[in-house]
Amino acid sequence: MQHGRYRFIVGFLVAPLALYAIFVIWPFIQAIYYSFTDWTGLSPDFKMVGFANYTRMLDDDIFWKSLRHSLVFALLLPLVTLSLALFFAFMLNVGGRRRKGAAITGVRGSGFYKIAYFFPQVLSIAIVALLFQFAYNPNDGVINGSLQAIGLGSVQPDWLGDPNLALWCVMSVLLWSTVGFFVVLFSAGMASIPKDFYEAALLDGASRFTTFFKITLPLLWDTVQSGWVYMGILSLGAEAFAAVQIMTVGPGGPDYSTTVLPLYVYQSAFRDANAAYATTIGVALLVVTLLFAAIVMRLGRRERLEY
C-alpha cells in the first residue's frame, strides 16, 4: 500500500495546484508588478514609476475614507451577523420550552423559521440591493411609507442621501442578506451536539444562558471562527462592493460617505482609467484582508474539543 504513495498524491495535486497558481497566485503577482507602473489599463505601453503610486495612495483622502469604511464593515458586520445567527440558531434548536418526553427542544415551527431565515440566500446580492434601494426611497419607498402610515409622517429620512445614515443603511442590507446562511450553518452544528450534554447541565441547575456559553459556543467555536473569517472577507470584498455600487448615489456617496476599498479599486480602474493606481489600492486591500484573517485565526485559537 505504501509503494508509489507519494507519486499518487503528487499526481492528483499537480493539476489543481497548477490551476490555483495560474488563476489565483499569478494575478496577485501581476497586480503587485503593475502597482509599480503608470499603466492606464487602456494601452500596452507603460513604464516603471517605483513607489509613486503608493506615495499617492498614502496622501489620498478618499483612500483613507474607503479604508475606514471597509474596516467598519469588517469589524462590525461579522460581529452583529454571527451574534444574531448564534442567538436565532440556539433558539431554534435548544431554546424551546420543555415538552413531554424531551428535555431539550427548539421553538415550535423551527423548520419553517429556518426556511424563512435562509430565503435571502436564494436571491443574489444585486437583487437584494435593488429591492432595498426602492425601499429606502425617501418619496415613495416602503420604509418612509410605513412611518407615515403609523403617524410618523414628520420623520421621513433621506436614508441613502444622508451621509450620516447611508453607510449604516447599506450595512443593514448586508446583515439581512447574510444572517440566514449562518443560522442554518450553526443549526446544523448544534444538531450534532449530543442532547445528553444539555440534559445533564439542566439537571444540575444550569440556565439556558449558561448552557449556551459553556456547551454550545465552545463546541461550535471552529465553525464560528471560520464564519468570522468568511464574513470578514465578504465585508471587504464582493458583497460590500455590490451593495454600495447598486444602492448608493455616485456610487459611493454622498460625499464619499459609503465608498469602500473594492469600489474605489473599480472606479480608479474603469472610471478614471488608472489601472496602476487601482492595483495599488488592490494590494492594500489584499494586505488588510490577510491581516484580518490572521488576527481572527490567532485570537480565536482554542484547544479543539471533541465529543
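Read on for a plain summary of the structure.

Cut-offs applied
Residues numbered from 1 in each chain as written. Predicted model: local features only at pLDDT ≥ 70, side-chain atom pairs only at ≥ 80, totals over all residues. Heavy atoms only, no water. Helix = DSSP H or I, 4+ residues; strand = E, 2+ residues; numbered from the N terminus. Contact = heavy atoms within 4.5 Å. Lys, Arg positive; Asp, Glu negative; His and termini not counted. Charge placed at Lys NZ, Arg CZ, Asp CG, Glu CD. Polar contact = N/O pair within 3.5 Å; in protein donor to acceptor, adjacent residues only side chain to side chain. Axes fitted to C-alpha atoms, helices over the stretch in contact; angles between N-to-C directions. Nonpolar A, V, L, I, M, F, W, Y, C, P; charged D, E, K, R; others polar. Buried < 20%, exposed > 50% of the residue type's maximum accessible area, 1.4 Å probe, protein only. Arc of directions from axis to C-beta. Core = buried A, V, L, I, M, F, W, Y, C linked by side-chain atoms within 4.5 Å.

Attention now goes to the overall build of the protein. Across its full length, the protein carries 13 helices and zero strands. For the protein, the N- to C-terminal ordering of α and β elements is α-α-α-α-α-α-α-α-α-α-α-α-α. If you line up the protein on its principal axes, its C-alpha atoms span 80 × 75 × 30 Å. Pairs at least 24 residues apart make up 66% of the contacts formed inside the protein by residues separated by at least 6 positions. Counting 20 positive and 17 negative side-chain charges, the protein places the centres of these two groups 15 Å from one another.

Among the secondary structure elements, Thr-279 is positioned in helix α13 (residues 275–299). Side-chain polar atoms of Thr-279 contact the backbone oxygen of Ala-276, separated by 2.6 Å.

Looking now at the packing of helix α3 (residues 61–93) against helix α12 (residues 261–271). With their axes 8 Å apart at the nearest point, α3 and α12 run at an angle of 145 degrees to one another. Taken together, the residues of α12 that come into contact with α3 (itself represented by Ile-62, Phe-63, Ser-66, Leu-67 and Ser-70) are Leu-261, Pro-262 and Tyr-264. The residue makeup of the contact of α3 with α12, split by class, is six nonpolar, two polar and no charged.

Considered for burial, the residues of helix α8 (residues 195–203) that qualify are Tyr-198, Ala-201 and Leu-202. What you see down the axis of α8 is that its buried residues fit within an arc of 100 degrees, all on one side. Those residues of α8 that are exposed and aimed more than 90 degrees away from the buried face are Asp-196 and Leu-203. Buried-residue contacts for α8 involve α3 and α9 (208–219).

With that out of the way, let us pick up the nonpolar core. Among the nonpolar cores identified, the biggest contains 46 residues, and Phe-73, Leu-86, Phe-186 and Met-247 are the most heavily contacted of them. Of all the secondary-structure elements, those providing two or more residues to this core are α3, α5 (125–135), α7 (166–191), α8, α9, α10 (221–236) and α11 (238–247). It is α7 that provides the largest number of residues to this core, a total of 12 residues. Among residues more than four places away in sequence, those in contact with Phe-186 are Leu-82, Ala-85, Leu-86, Ala-89, Leu-220, Thr-223 and Val-224. One finds Leu-67, Tyr-277, Ile-281 and Leu-285 within the second-largest nonpolar core, a separate group that totals 18 residues.

Let us now look at the side chain of Thr-37. When you line up the elements, Thr-37 lands in the loop between α1 (5–34) and α2 (52–58). Here the side chain of Thr-37 touches Trp-39 through a polar contact of 3.3 Å, landing on its backbone nitrogen. Contact partners of Thr-37, with chain neighbours within four places excluded, come to Phe-46, Lys-47, Met-48, Val-49, Asn-53 and Ala-276.

Quick look at the environment of Leu-82 now. Here Leu-82 lies in helix α3. Residues contacting Leu-82, with those up to four places away along its chain left out, are Phe-182, Phe-186, Val-224, Gly-227 and Trp-228.

So, on to the environment of Gly-227. With respect to the helices and strands, the residue Gly-227 is situated in helix α10. Non-local contacts of Gly-227, meaning those with residues more than four positions away in its chain, are made with Leu-82 and Phe-182.

Glancing now at α5. Buried residues of α5: Ile-125, Val-128, Ala-129 and Ala-135, and no others. Down the axis of α5, the sector holding all buried residues measures 120 degrees, keeping them to one side. Those residues of α5 that are buried lie in contact with α4 (110–122), α6 (142–149), α7 and α11.

Attention shifts here to unusual backbone geometry. Put simply, Gly-250 and Pro-251 share a cis peptide bond, and its omega is -5 degrees. By the element assignment, Pro-251 lies in the loop between α11 and α12. Residue Pro-254 is reached from Gly-253 by a cis peptide bond, and omega for that bond is 0 degrees. Take Pro-254: it is sitting in the loop between α11 and α12. For Asp-255, which is not a glycine, the phi torsion comes out positive at approximately 55 degrees. Following the sequence through the fold, Asp-255 ends up in the loop between α11 and α12. Its identity as a non-glycine residue notwithstanding, Tyr-256 has a phi of 60 degrees, on the positive side. Inspection of the secondary structure assignment puts Tyr-256 in the loop between α11 and α12. Since its relative accessible area comes to 32%, Tyr-256 is described here as partly exposed.

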